[in-house]
Amino acid sequence: MTAPLHFHTIAELAPLIAGGHLSSVDLTRACLAEIEARDRALNAFITVLGASAIARARELDAEIAAGRCRGPLHGIPISLKDLIDQQGVPTTAASRVLDGHVAANDAPVTARLREAGAVLIGKTNLHEFAFGTTSDDTAFGAVRNPHDPTRSPGGSSGGSAVAIVAGMSVASIGTDTGGSIRIPSAACGTVGLKPAWGEVPCDGVVPLSRSLDHVGPLARSVADAWLIYLVLRGQPTAARWPLPARRSVKGLRLGVPRGYFLDVLDQDVRARFAMALAWLRQAGAQTVDVVMPRASGTAAVYLHVSLPEASAYHAGWLASAPERYTRNVRLRLEMGRYVLAEDYVRAQAARAVLQGEVDAALDGCDALALPTLPIPAPPVGAATVDVAGTPQPVRAMMLRLTQLFNLTGHPAVSMPMGDTPAGLPCGLQLVGRRHDTEGLLAAAAACEPFVIP
Amino acid sequence: MTIEDWLTGACADADRRGLPDLKPLLASLAEATRSLRGAGWDAAGREAAPPGSFGSPAPASEGTAR
């Protein structure tokens, strides 16, 4: 049976809307009905904008009737992670710290989506202030994974990934400081893109760590992520639509990092990754082993950059309203206040080294290929998980394979590569050359049909 | 400052501020700092890139990318 229309991709829906065969009002109503039916259990949304979304959808339908189509996002319901400003709507960052705050203006990315014809359907739940990977430390209650509600959806953009999988919005906008777009995408089975650093403006977005923050899309396909990325970057999509034919997977050269990246993997994730590589090779891609000898030092470097940058932003509230944070987030922010300046500088020097190693690994390759998460979605609230018989901290596991590319600024995308026997999604991460997000997306689009069973 | 001196001072400060739960996190941070300092990144960084070369963003898109 064909899935209901609100579970389809933008690439499928856009021609229907442009041709007047599907109204944005009907599509938006279907998403709102899904929120009404399922969000009490999943907790993906903090704010639902039912009335304004329907009103906007009606305006956009009238434009189509009058012969104006803004491009592929025209009339598409899209949600925003609730640390992105939308004029006149609360921005909570999933924290009581921001109680009563209403955004005075649209963030640039919000304004660009609006101009492109997106219907802004609501603000999604997240790990408080994006400072976590499981979306359970939030003032609005833990977000639940639609594939198994006892499991985390990953984070910090957990509500965004859940909204897409549950048919509550067709796509969503998230942020990624250590993996917060790619992690929930892998845990829930969506496509998540972290563009190259600096390409998409972060103004009007509550920061976590300013030198590591990225804004990007979560979507149902690589093509959808690509279309939204163009809009977020400020590029008109009408002229780029439809997207050019994808490049062939034949001859695509994928670097597979060994050592640190594959040392600690859940056995089901390892099996899915091996199968994805086998399918890609069968389709004509080449895989070559690459090494990044100093990658094992990533976590220590990341900690000494992200913690003090986050704590600096929060210093005022930590002094004036510490009780308004959830306990775990407050403690981690407090920890950052003790990082010495000399160690922050050391960590910045390390970034340059790591950047060079990733560049070298990509030399002669179209992209790097590795799992996004070394584990399937962990149980809600778990502090440790068993990996190959050894207990491992959940937070370290969730960040292990993604945070490096925030430190180096390379673009990276996560796409589904099948499920574990228990039905939990696994993500394949592709990493592209510095400043070449579109090259990465072309490679990902070429791989996509061969890694999704 | 040695890591041991730093940790002693930081834990005392956490106690003084009524945040004893912070002490295990500070101990884990101390381990990470030991790893960072022991990795010799400073020297490697000087060889890898001139000062200030990190993080130059892509050509600016329309708007206010930082």
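Residues numbered from 1 in each chain as written. Chains lettered and ligands numbered in written order. Predicted model: local features only at pLDDT ≥ 70, side-chain atom pairs only at ≥ 80, totals over all residues. Heavy atoms only, no water.

Asks: Before we move on, can you summarise the overall build of chain B with the specific residues and values?
Replies: Scanning chain B for helices and strands turns up three helices and zero strands. Beginning at the N terminus, the succession of helices and strands in chain B can be written as α-α-α. Across the 66 residues of chain B, 30% fall into the buried class. Of the accessible surface of chain B, which amounts to about 3,900 Å², a share of 57% is contributed by carbon and sulfur atoms. (Helix = DSSP H or I, 4+ residues; strand = E, 2+ residues; numbered from the N terminus. Buried < 20%, exposed > 50% of the residue type's maximum accessible area, 1.4 Å probe, protein only. Areas by Shrake-Rupley, 256 points an atom, 1.4 Å probe, with all protein chains shown as cover.)

Asks: Explain the packing of aromatic side chains residue by residue, including any values.
Replies: The description of two aromatic rings rests on the distance between their centres and on the angle between their planes. All names here are of chain A. With the rule as written, the count across this model stands at four aromatic pairs over all chains. Relative to Trp317, the ring of Tyr313 lies with its centre 5.7 Å away and its plane at 80°, an arrangement referred to as edge-to-face. Pair noted here: Tyr313 and Trp317 are both in helix α10 (residues 298-320), with a separation of four residues, about one helical turn. Residue class for Tyr313 comes out partly exposed when judged on its relative accessible area of 29%. Taking the relative accessible area as the measure of exposure, Trp317 reaches 25% and is therefore partly exposed. (Phe/Tyr/Trp six-rings, centres within 6.5 Å; stacked < 30°, edge-to-face > 60°.)

Asks: Please provide a residue-by-residue account of the pattern of salt bridges, values included.
Replies: Residues and elements named next belong to chain A. Within the structure shown, the criterion is met by 25 salt bridges over all chains. The salt bridge involving Glu115 is made with Arg70; its shortest N-O contact spans 4.0 Å. Of the two residues, Glu115 sits in helix α4 (residues 108-115) while Arg70 sits in the loop between α3 (50-65) and β2 (77-81), which places them 45 residues apart along the sequence. With relative accessibility at 51%, the residue Glu115 sits in the exposed group. Asp359 is the partner of Arg434 in a salt bridge, and the nearest nitrogen-oxygen pair spans 2.4 Å. Of this pair, Arg434 sits in the loop between β13 (425-431) and α15 (437-451) while Asp359 is found in helix α12 (residues 341-362), placing the two residues 75 residues apart along the sequence. Overall, the relative accessible area of 29% leaves Arg434 in the partly exposed class. Several salt bridges share partner residues, and in doing so they unite Glu63, Arg68, Arg70 and Glu115 into one network. (Salt bridge = Lys/Arg side-chain N within 4 Å of Asp/Glu carboxyl O.)

Asks: Please give an account of the environment of Leu36(B) that cites residues and values.
Replies: With respect to the element layout, Leu36(B) can be found in helix α2 (residues 22-38). For Leu36(B), a relative accessible area of 1% translates into the label buried. Sequence separation of Leu36(B) and Pro24(B) is twelve residues, and the distance between their C-alpha atoms is 19 Å. With near-sequence residues (within four places) excluded, Leu36(B) lies in contact with Ala300(A), Val301(A), His304(A), Asp343(A), Arg346(A), Ala347(A) and Trp41(B). (Contact = heavy atoms within 4.5 Å.)

Asks: With reference to specific residues and values, describe unusual backbone geometry.
Replies: All names here are of chain A. Between Gly155 and Ser156 the backbone carries a cis peptide bond, its omega angle lying at 10°. Secondary-structure assignment places Ser156 in the loop between β3 (119-124) and α5 (158-165). Although it is not a glycine, Asn43 adopts a positive phi angle of roughly 65°. Within the element layout of this structure, Asn43 appears in the loop between α2 (24-42) and β1 (45-48). If you check the backbone angles, Ala93 has positive phi at about 55° while not being a glycine.

Asks: Please give an account of the confidence of the model for chain B that cites residues and values.
Replies: Residues and elements named next belong to chain B. Within chain B, residue pLDDT values average 77, and 64% of them lie at 70 or more. Residue range residues 50-66 is modelled with pLDDT below 50. Its contacts to residues more than four positions away, or to other chains, number 34 contacts. Among the prediction metrics, the complex's ipTM stands at 0.92, with pTM recorded as 0.95. (pLDDT = per-residue confidence, 0-100.)

Asks: For the interface of chain A and chain B, give the residues involved together with the corresponding values.
Replies: Of the residues lining the interface, 43 residues belong to chain A; the matching set on chain B comes to 37 residues. Counting the surface chain A buries against chain B, the share from its top three residues, Arg294(A), Tyr338(A) and Arg346(A), is 20%. Across the chain A-chain B interface, the total number found is four salt bridges. Note that Asp343(A) is salt-bridged to Arg37(B), the shortest N-O span being 2.8 Å. Inspection of the region where chain A meets chain B yields eight residue pairs in polar contact (both at pLDDT 80 or more). Elements with a minimum of two residues in the side of chain A that touches chain B: α4, α10, α11 (327-336), α12 and α14 (404-408) of chain A. Ranked by residues supplied to the side of chain A that touches chain B, first place goes to α12(A) with eleven residues. Classifying every residue of the side of chain A that touches chain B gives 20 nonpolar, seven polar and 16 charged. (Buried area = accessible area lost by both parts, 1.4 Å probe. Polar contact = N/O pair within 3.5 Å; in protein donor to acceptor, adjacent residues only side chain to side chain. Nonpolar A, V, L, I, M, F, W, Y, C, P; charged D, E, K, R; others polar.)

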